[in-house]
Every structure is written in structure tokens, then in C-alpha cells.
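Given next are the chains, with one letter for each unit.
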Amino acid sequence: SPIFGLAEDALFQSALQNAPGIQQAQAEARAKEFHIEAEKGGYLPRMEIVGQYAIFSRTNNYEDYFRRFVRNNFLIGLSAQVPIFNGTTGARVARSRQEASEARYRLESLKSNLKLDIQRGLGAMRIARGALDLGRSDVEAAREMVKMSETLMEAGRIGEKDLEGARTQLLQKELALLDADQTLFRRKLELLLATGAIATAIQ
């Protein structure tokens, strides 16, 4: 994966865009900030357009009181509500600010944990790569030892037991190399999981 070639800071920035937990926490923090502004609306005047329609009946003798009688009447106006004292709004705003603060704290905590996981993952991967390189060198050295032992045995300078010992040593080094390769694979997988790269690839 290309992420294995990224520096720590670049990997962290990439992980911020991919890690599902970070994305969810960022969205929650933004929503809490918007909620504060919505609750603050309780302090502002509220304007509403109101209308009323009525049909007057001649049985009520309205024509006797008005110079011009119109049965169909429609009234339209503007209603303004100005809050003078609203204690509940202050409480809601305070609660929203507290929730927003908690959301920001959770987000920063997740970011901090993510950065730490990446640092640990990169360190573990470097160690695993070093172990793999060492394992390859050990296998090459053990193979050379087997070849040398075979030559010495043909010359009659060592016995069968010595040759078998060299071959056993080679087998052990090959098994250690296989284990080191599997360990490196696991470390890479752990880093992919920590950065959210696997989830992005699946999507």
C-alpha cells in the first residue's frame, strides 16, 4: 500500500480523512457548534406575518354601522415577539456549550490516540522490517554454511553429523525468516486498520 511510504505527519493527515471514528467525531462537534447558535436564537426577536379571513353576515346588521359593507374581509399584519426575560434560553445555551465542549474534547482525544497508534505502528513496523532483513541475512549465511559443509564432507574433513547440524541450522533460520515475514505482515495490517485505510479500500 502507498501509505507505507508516507512520513508520520503525512500518514496522520491521511488517517484524519479516512478513520471513521474521527469523521464521526468531527461531524458531531460541528453539529454541537451549530446547536449553540440555534439556541441563541431564543434571545432574538421573532417576526411573523399573520393573516385573518372572515365572512360577515348581514344578519348581524353590520351594514348599519359601516358606511361601506363588505362581506369578505381579509386582514394581514406583522407580529413581533420580543423576549424580555427568558431564563430557559440561557440554560439551553449553557447546556449546548457544555455538550460542544465535550464533543471537542472527544475529538481531540481521538486525534491524540490516533497519532499515538500511528507512532507505535510505524515503530513496530520498522522493528519487524529489521528482523526480516536480519532473518534473510541469517538464511543466506546458513545456506553458505551448508554448501561449505557439503564440500568439507566430500573431502572427508567432517562427518555426516556435522553436515546434518548445518542443515538443521538452515531449517531453523528459514522458519525464523518465515515468522519474521508473518510478523511484518501483521504490523502492516495493524497500521492499515489504525489509519482507516482498509475501510477506505473496501468502500
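Please refer to the structure placed before this passage.
What counts and how
Residues numbered from 1 in each chain as written. Predicted model: local features only at pLDDT ≥ 70, side-chain atom pairs only at ≥ 80, totals over all residues. Heavy atoms only, no water. Helix = DSSP H or I, 4+ residues; strand = E, 2+ residues; numbered from the N terminus. Buried < 20%, exposed > 50% of the residue type's maximum accessible area, 1.4 Å probe, protein only. Areas by Shrake-Rupley, 256 points an atom, 1.4 Å probe, with all protein chains shown as cover. Phe/Tyr/Trp six-rings, centres within 6.5 Å; stacked < 30°, edge-to-face > 60°. Lys NZ or Arg CZ within 6 Å of the ring centre and 35° of its normal. Core = buried A, V, L, I, M, F, W, Y, C linked by side-chain atoms within 4.5 Å. Contact = heavy atoms within 4.5 Å. Salt bridge = Lys/Arg side-chain N within 4 Å of Asp/Glu carboxyl O.

A. The overall build of the chain, seen in detail. Each helix and strand counted, the chain has five helices and two strands in total. Shown N-terminal to C-terminal, the secondary structure of the chain runs as helices and strands in the order α-α-β-β-α-α-α. The buried share of the chain, reckoned over its 203 residues, is 22%. For the chain, the exposed area adds up to about 14,500 Å²; of that, 55% sits on carbon and sulfur atoms.

B. Broad picture of the packing of aromatic side chains. Taken as a whole, this structure holds zero aromatic pairs when the rule is applied. Stacked on the ring of F12, the Lys or Arg K115 has its end atom at 4.6 Å from the ring centre.

C. Structural context of the nonpolar core. Within the largest apolar cluster, 29 residues are counted, with the highest numbers of intra-cluster contacts made by L114 and I118. Elements represented by at least two residues in this core include exactly helix 1 (8-18), helix 2 (20-40), helix 3 (87-154) and helix 4 (160-195). A per-element tally of this core places helix 3 first, with eleven residues. In this view, L114 contacts F12, A15, L16, I22 and A194; residues no more than four positions away in its chain are not counted.

D. Expanded view of the environment of R186. Along the chain, the position of R186 falls in helix 4. Relative accessible area serves as the criterion here: at 38%, R186 is assigned to the partly exposed category. Taking the C-alpha atoms as reference points, R186 and A124, separated by 62 residues in sequence, lie 9.9 Å from one another.

E. Geometry of the pattern of salt bridges. By the definition in use, this model includes twelve salt bridges. R143 is paired through a salt bridge with E140; the nearest N and O atoms lie 3.3 Å apart. Of this pair, R143 and E140 both sit in helix 3, separated by three residues, roughly a single helical turn. Measuring nitrogen to oxygen at the nearest pair gives 3.2 Å for the salt bridge that ties E190 to R187. Within this pair, E190 and its partner R187 are both found in helix 4, separated by three residues, close to a single helical turn. In this structure R187 comes out as partly exposed when scored by relative accessible area, which is 24%. Each member of the salt-bridge network shares a partner with another, and the members are E140, R143 and E174.

So far we have only geometry, and geometry alone does not tell us how the molecule works.
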